[in-house]
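Geometric and topological summary
This is what each chain is made of:
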Amino acid sequence: MVADPLSVLSRVFGFPQFRGVQADVVARVLAGERTLAVMPTGAGKSLCYQLPATMLAGTCVVVSPLIALMHDQLRAATAVGISAATLTSVDENRAETIARLRAGELDLLYVAPERASGGHFRELLAETKLALFAIDEAHCVSEWGHDFRPDYRLLGPLMDAFPDVPRLALTATADAHTRADIARQLGIPADGMIVSGFDRPNIRYAITPRDQTTRQIADLIAATPGPGIVYAQTRAQTEKLAEALGRSTGRPTRAYHAGLDAAVRARNQADFVASEDMVICATVAFGMGIDKPDVRLVAHAGLPKSIEAYYQETGRAGRDGDPSVAHLFWGADDFARARQRIGEVEPERQAGERQRLAAMGALVETGGCRRHVLLRHFGENPTEPCGNCDNCLGSGTAVDATETARKFLSA
Ligand code: ADP
Ligand code: MG
């Protein structure tokens, strides 16, 4: 290995410098050290394995939870000239991909986690020169995480069959407890974690009780030029909001949810990505893998299910670094519904879910700096009030803490 990472960064990816902790993560990976990188959404996690994949001999196997996400990544990698392929249940060119893999032609192979369970896949890997295992969205391995996927559990044992292949796990959303769990399950040493700052200083956070949701959000949209995302609680609500907000604000609006015809969904998404003033009213199905830097507003019409989800969804605002707004509207009935939902999950997951709801409640009810609550949740220790949230700006609405606590804690 002779090239240096910085020259590869500019030559292959066209970026003049590394961002944040990227350089540290890449250095560890190139040194073969098992690593867990915790970096916020939009920080550039993909590059942390894509760049080493182009420098190391052999193939980097990337595990990613969503097929759509994988295909986006594949397109992006191929566009910069990296030789990459996906191996999923929907791919038709399996035989060709396997032949390329065996011939050592692939820098990156994207696979779905359920692959890991098959003995065939293990045999295939045994015949392959492996450069690196990259586990994207690694919080999926933990029941403490907000998006547990049982198939991720098989990845530790799979990688253990190849103990000499370096490992890189990546996630945007992990509190200290989840982080430790991810590291343990994926065989990463406790000192192999690199955690980058979670602060998104250009996002102004605000949280307000609902009274007339549509009017409140319409006012917000009127005050916030540029593209916006409104997260609704139900599919029906996305369509109602898109219609009502379009009418009352005069802005172009679209709905987005998993129940829409695939072609309509794809068109709405593409229209939004291309637009400079559209508001898309969506369920949480919208956003993953969408790289739109100039989103100026993320509004929530109801309570997200955890601080991790809130952070990830609001994190889609202002990736270009320009001032942006994240405004959450909540009601006591959100807490009631959340409690009901928690009552329906498997008993062993209820404690974790209740804890997540309580953390969300604490964010909603705080009279102090919102950013502090968020950053502390991710293990940071901010000192100065941020000056860029509703409470710091004196525009926050006081909430009766005792009353709220009663609402979300009484099960
Ligand atoms: P994440 O997975 O952390 O959410 P991505 O890997 O999708 O983030 O990257 C987000 C965006 O940042 C992409 O458009 C990517 O090309 C860009 N990016 C990554 N690294 C750099 C860099 N060093 N300089 C400039 N842009 C970068
Ligand atoms: Mg990513």
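If you're wondering where the values come from, they're calculated on a predicted model, not measured in any experiment.

1. Description of the overall build of the protein chain
Each helix and strand counted, the protein chain has 16 helices and 13 strands in total. Its C-alpha radius of gyration of 22 Å places the protein chain within 12% of the 22 Å reference for a compact globule of 411 residues. For the C-alpha atoms alone, the extent of the protein chain along its principal axes is close to 60 × 40 × 40 Å. Split into buried and exposed, the 411 residues of the protein chain put 42% on the buried side. Residue pairs in contact within the protein chain that sit at least 24 positions apart in sequence constitute 73% of those at least 6 positions apart.

2. Observations regarding the sheet that holds strand E7 (residues 193–195)
Whenever strands of a sheet pair, they do so through backbone hydrogen bonds, lying parallel or antiparallel. A sheet is described by the order of its strands in space; here seven strands give the open sequence E3-E4-E2-E5-E6-E1-E7, paired in parallel fashion. This sheet does not close on itself; its edge strands, each paired only once, are strand E3 (84–87) and E7. Looking at each pair of strands side by side, their axes are set apart by 20 degrees on average, direction ignored. Set on the sheet, helix H5 (residues 94–102) makes contact with strand E2 (59–63), E3 and strand E4 (108–111); between it and E3 the angle comes to about 130 degrees. Each of strand E1 (35–38), strand E6 (167–171) and E7 touches helix H8 (residues 176–185); the most contacted strand, E1, lies at about 150 degrees to it.

3. Details of the site of ligand 1
Near ligand 1 lie 13 residues; those nearest to it are Phe15, Arg19, Gly44, Lys45 and Ser46. Sort the elements by how many residues they give to the shell around ligand 1 and helix H3 (residues 45–55) lands first, with three residues. A per-class count over the shell around ligand 1 returns five nonpolar, five polar and three charged.

4. As for the pairing of strand E12 (residues 297–300)
Residues Leu297 and Ala299 of E12 are buried on one face, and the alternating residues Val298 and His300, pointing to the opposite face, are buried as well. In terms of strand pairing, strand E9 (residues 228–231) meets E12 through four bridges, oriented parallel. Directly across from Val230, in E12, lies its bridge partner Ala299. Relative to strand E13 (residues 324–330), E12 runs parallel, the two sharing four bridges.

5. Observations regarding the environment of Ile229
One can find Ile229 in strand E9. In this structure Ile229 comes out as buried when scored by C-beta crowding, with 26 C-beta atoms within 10 Å. For Ile229 and Thr314, which are 85 residues apart along the polypeptide, the C-alpha to C-alpha distance reads 9.2 Å. Excluding residues that lie within four positions of it along the chain, Ile229 makes contacts with Ile280, Ala282, Phe286, Gly287, Val295, Val298 and Arg316.

6. As for the sheet that holds E12
Here six strands make up an open sheet; going across it, the order is E8-E13-E12-E9-E11-E10 and the pairing parallel. Since the sheet does not close on itself, it has two edges, and those belong to strand E8 (203–209) and strand E10 (253–256), each with one partner. Between one strand axis and the next, the sheet turns through 15 degrees on average, direction left out of account. Bridge count for E8 against E13 is seven bridges, and the pairing is parallel. Within E13, the position partnered with Tyr205 by the bridge is Ala326.

7. Describing the environment of Thr383
Within the secondary structure, Thr383 sits in the loop between helix H15 (370–377) and helix H16 (401–409). Since 5 C-beta atoms lie within 10 Å of it, Thr383 is described here as exposed. Measuring from C-alpha to C-alpha, the distance between Thr383 and Leu155 comes to 39 Å, with 228 residues separating the pair along the chain.

8. As for helix H12 (residues 307–314)
With seven of eight residues buried, H12 lies mostly within the body of the structure. Within H12 the residues assigned to the buried category are Ile307, Glu308, Tyr310, Tyr311, Gln312, Glu313 and Thr314. Of the surrounding elements, those touching the buried residues of H12 are E8, E9, E12, E13, helix H14 (347–365) and H15.

9. Thoughts on the nonpolar core
Counting 50 residues, the largest nonpolar core has Val230 and Cys281 as the members making the most contacts within it. For Val230, the residues in contact, after removing those within four places along its chain, are Ile217, Leu241, Val279, Cys281, Ala299 and Ala301. Listed in part, the 48 residues of the second largest apolar core include Val25, Ala134, Ala138 and Val141.

10. Points about the packing of helix H1 (residues 5–13) against H3
Between H1 and H3, the shortest axis-to-axis distance is 10 Å and the interhelical angle comes to 100 degrees. When the axis of H1 is compared with that of H3, the two are roughly perpendicular. Side by side, H1 and H3 meet where Pro5, Val8, Leu9, Val12 and Phe13 of the first sit next to Leu47, Leu51, Thr54 and Met55 of the second. Its residues assigned to classes, the contact of H1 with H3 comprises eight nonpolar, one polar and no charged.

11. Looking at the confidence of the model for the protein chain
Put simply, the protein chain has an average pLDDT of 91, and 96% of its residues get 70 or more. For this predicted complex, the interface confidence score (ipTM) comes to 0.99, while the overall pTM stands at 0.71.

Reading the values: the criteria
- Residues numbered from 1 in each chain as written.
- Chains lettered and ligands numbered in written order.
- Predicted model: local features only at pLDDT ≥ 70, side-chain atom pairs only at ≥ 80, totals over all residues.
- Helix = DSSP H or I, 4+ residues; strand = E, 2+ residues; numbered from the N terminus.
- Rg over C-alpha atoms; globule rule 2.2 N^0.38 Å.
- Buried ≥ 20, exposed ≤ 12 C-beta atoms within 10 Å, placed from the backbone.
- Contact = placed C-beta atoms within 7 Å.
- Pairing = 2+ DSSP bridges.
- Axes fitted to C-alpha atoms, helices over the stretch in contact; angles between N-to-C directions.
- Near = placed C-beta within 6 Å.
- Nonpolar A, V, L, I, M, F, W, Y, C, P; charged D, E, K, R; others polar.
- Core = buried A, V, L, I, M, F, W, Y, C linked by C-beta atoms within 7 Å.
- Parallel < 35°, antiparallel > 145°, perpendicular 65-115°, else oblique.
- pLDDT = per-residue confidence, 0-100.

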